[in-house]
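# Breakdown of the fold
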Amino acid sequence: MGKKKKSSFSGSIGFVLSAAGSAVGVGNIWRFPYLAAKDGGGLFLIIYLVLVVTFGFTLLTTDVAIGRRTKENAMRAFGVINEKWKFLGYVTFLVPALIMTYYSVIGGWVTRYMVAYMTAGGSEAAKDGFFTSFITSNVSPIVFMLLFLAVTSFIVYRGVEKGIEQFSRVIMPGLILLIMAIAVFSLTLTCTDASGATRTGMQGLMVYLKPSFEGVTAERFLEILLDAMSQLFFSLSVSMGIMITYGSYVKDEVNLSRSLSQIEMFDTGVAFLAGMMIIPAVFVFSGVEGMASGPSLMFVSLPKVFEAMGGVGTIVGLIFFIMVAFAALTSCISILETLVANCMELFHQSRQKMCLIISVISAAAAAVICMGYNVFYFEMKLPNGATAQLLDLMDYVSNSFLMPFISFLTCIFVGWVVKPKWIIEEMESSGHPFGRKKLYAFMIRYVTPVMMAVLFLQSAGIWNVVAK
Ligand code: PFF
């Protein structure tokens, strides 16, 4: 296959940190801890870890190897390998296009909180009703979304090596240090409530780490498994063309197998540390009940926890939201980059021009999503039983519906049409060994497609494996 010269990462570290930048986002910092608290603490952790080294590894390897071997974006890569499978590239493109519409909205929310801690010390953010009144207001969410999108767009405009890589090289190591510092701080907390009961950070850590089998039936176990699986997809940014695009920027001499292990470890490590930082803190100040607040954990419960910490809470809150904003930024960059890179090839336009056009379209779409909490407000029941507004609907269609569908087709394509050997050859092409190749071949042919089909049927509401 002819390989052409195009944008690239300077080397392995640049690739690993940029891909980790895409993987580490609000999913790790907010969604993972919330799921762990809801799904049996250590039990969820064990299941998630097993899934990372089996399913996560398989899907990530597939995406990156397809990208590097074809040196194409998702939209063209499948067609280049096999003309009949061209459609899969187009379906794949839909996912980042959909995610882009709401990820920048969430980025805007995080930016708003960061500003609240910078200007008013976070006291307004801790007030009852702050979050709801902010997201339902007409102008403010749109302004913050535009701000967040403008920064994202600027970095993508600068290109791969000067923009994305340079930014990720600075931000990602800093992120790890901050998250570790807050996690250690969380463990040192103690609080005595009105009833005289004292709770400590270490007890909170046990809530997080100890596997809880309370009320775990076969159905509940499957539900936890499905929660962990969809979290894994979203977190690793697989099956949405992003890792194909980043893979296409990786130089041929890079040891892919080692880089992929590092990305898996980075992503899972940050998610684990985020749990260590959030769960003990929420436990100390609000007990186990505080964690039941689900999605509002980050925007409603945590500001209250920071407030309860007293003066130091303002600083911790500020650092926390700065960190989340950067994590969201590197993820949003990867989504915009994928859209821009695909469209550059499709329309034969320059990066700068495509970046501007797509940013404007994304801003318009994201403004509509912001209005999903006022002008276009509706409530809808999803097949998984949850009640959704416009933003949740986009999230559901892209993550729960399209992602397993694309993963299933990709597994069939790679496992049975092109055959695993094609991927394994690419993994070994730099002369480095691909240690888990037997596991890979088995997973991509047999286990992953079955699991993806189950996940898809469940999400589409076609077959209720887990009765709700
Ligand atoms: N992986 C990111 C997170 O965990 O927040 C989210 C994400 C990034 C999703 C990029 C999709 C994507 F294309």
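The rules behind these values
Residues numbered from 1 in each chain as written. Predicted model: local features only at pLDDT ≥ 70, side-chain atom pairs only at ≥ 80, totals over all residues. Heavy atoms only, no water. Near = heavy atom within 4 Å. Polar contact = N/O pair within 3.5 Å; in protein donor to acceptor, adjacent residues only side chain to side chain. Areas by Shrake-Rupley, 256 points an atom, 1.4 Å probe, with all protein chains shown as cover. Helix = DSSP H or I, 4+ residues; strand = E, 2+ residues; numbered from the N terminus. Buried < 20%, exposed > 50% of the residue type's maximum accessible area, 1.4 Å probe, protein only. Contact = heavy atoms within 4.5 Å. Phe/Tyr/Trp six-rings, centres within 6.5 Å; stacked < 30°, edge-to-face > 60°. Patch = residues over 30% accessible without salt bridge, like charges linked within 9 Å, V, L, I, M, F, W, Y side chains within 5 Å. Salt bridge = Lys/Arg side-chain N within 4 Å of Asp/Glu carboxyl O. pLDDT = per-residue confidence, 0-100. Core = buried A, V, L, I, M, F, W, Y, C linked by side-chain atoms within 4.5 Å. Expected span 1.5 Å × (residues − 1). Bend = angle between axes of the 7 residues up to and from the residue.

## What about the site of the ligand?
Close to the ligand lie 16 residues; Ala23, Gly27, Tyr103, Phe234 and Ile242 are nearest. Between a nitrogen atom of the ligand and a main-chain N or O atom of Ser22, the distance comes to 3.2 Å. Tyr103 has a polar side-chain atom sitting 2.8 Å from an oxygen atom of the ligand. Relative to its free-state accessible area of 330 Å², the ligand is covered by the protein chains to the extent of 100%.

## Things to note about the environment of Thr448
Within the element layout of this structure, Thr448 appears in helix α18 (residues 437-459). Looking at Thr448, the relative accessible area reads 0%, which means it is buried. Taking the C-alpha atoms as reference, Thr448 lies 9.9 Å from Pro404; in sequence the two are 44 residues apart. Ignoring any residue separated from it by four or fewer positions in sequence, one finds Thr448 in contact with Phe55, Thr58, Leu59, Cys411 and Met443.

## Here's the deal with the packing of aromatic side chains
One pair of aromatic rings is described through two measures. These are the centre distance and the angle between the planes. Evaluation of the coordinates by the stated rule reveals 35 aromatic pairs. On the numbers, 6.0 Å between centres and 25° between planes, the contact of Phe44 with Tyr48 is stacked. Here Phe44 and its partner Tyr48 are both found in helix α3 (residues 42-70), four residues apart, which amounts to about one turn of the helix. You'll find Phe44 and Tyr48 in the same group, each marked buried. Within the aromatic cluster, the residues linked to one another by ring pairs are Trp109, Tyr113, Tyr117, Phe130, Phe131, Phe299, Phe306, Phe320, Phe321 and Tyr373.

## So, the environment of Thr111
In this structure, Thr111 sits in helix α5 (residues 86-119). When the C-alpha atoms of Thr111 and Glu307 are compared, they prove to be 19 Å apart, with 196 residues separating the residues in sequence. Apart from residues lying up to four places away in sequence, Thr111 is in contact with Phe144, Leu147 and Phe148.

## Concerning the side chain of Glu165
Position of Glu165 relative to the elements: it lies in helix α8 (residues 160-187). By relative accessible area, which is 3% here, Glu165 ends up buried. Within the structure, the side chain of Glu165 is placed 2.5 Å from the side chain of Ser10, a separation counted as a polar contact. Excluding residues that lie within four positions of it along the chain, Glu165 makes contacts with Phe9, Ser10, Gly14, Ser18 and Val160.

## Quick word on helix α17 (residues 420-428)
Inspection of α17 places Pro420, Trp422, Ile423, Ile424, Glu426 and Met427 among the buried residues, and these make up the whole buried set. Summarising the contacts, the buried residues of α17 are in contact with α3, α4 (74-81), α12 (256-286), α16 (390-418) and α18.

## Describing a nonpolar patch on the surface
There is a patch of nonpolar side chains on the surface, built from Trp416, Val417, Phe442 and Tyr446 and spanning about 390 Å² of accessible area. The set of elements that each furnish at least two residues to the nonpolar patch consists of α16 and α18. Of note, Val417 is situated in helix α16.

## Considerations on the confidence of the model for the protein chain
Considering every residue of the protein chain, the mean pLDDT works out to 92; 97% of them sit at 70 or more. The model gives residues 1-5 a pLDDT under 50, and that stretch makes 12 contacts with residues more than four places away or in other chains.

## Details of the nonpolar core
Ranked by internal contacts, the top residues of the largest apolar core, which has 167 residues, are Phe15, Ile66, Trp109, Met277, Met298, Phe320 and Phe321. Those residues within four positions of Met298 in sequence are excluded, and the remaining contacts are Val26, Trp30, Val110, Pro303, Phe320, Phe321 and Val324.

## A closer look at unusual backbone geometry
Residues other than glycine seldom take positive phi values, yet Lys71 does so here, at roughly 55°. Mapped onto the secondary structure, Lys71 falls in the loop between α3 and α4. A positive phi is found at Lys419, a non-glycine position, where the angle reads about 80°.

## What to know about α8
Taking 1.5 Å of rise per residue, the 28 residues of α8 would be expected to cover 40 Å, and the 39 Å separating its terminal C-alpha atoms lies within 8% of that figure. At Arg169, α8 shows its maximal kink, close to 25°; a proline, Pro173, follows between one and four residues later.

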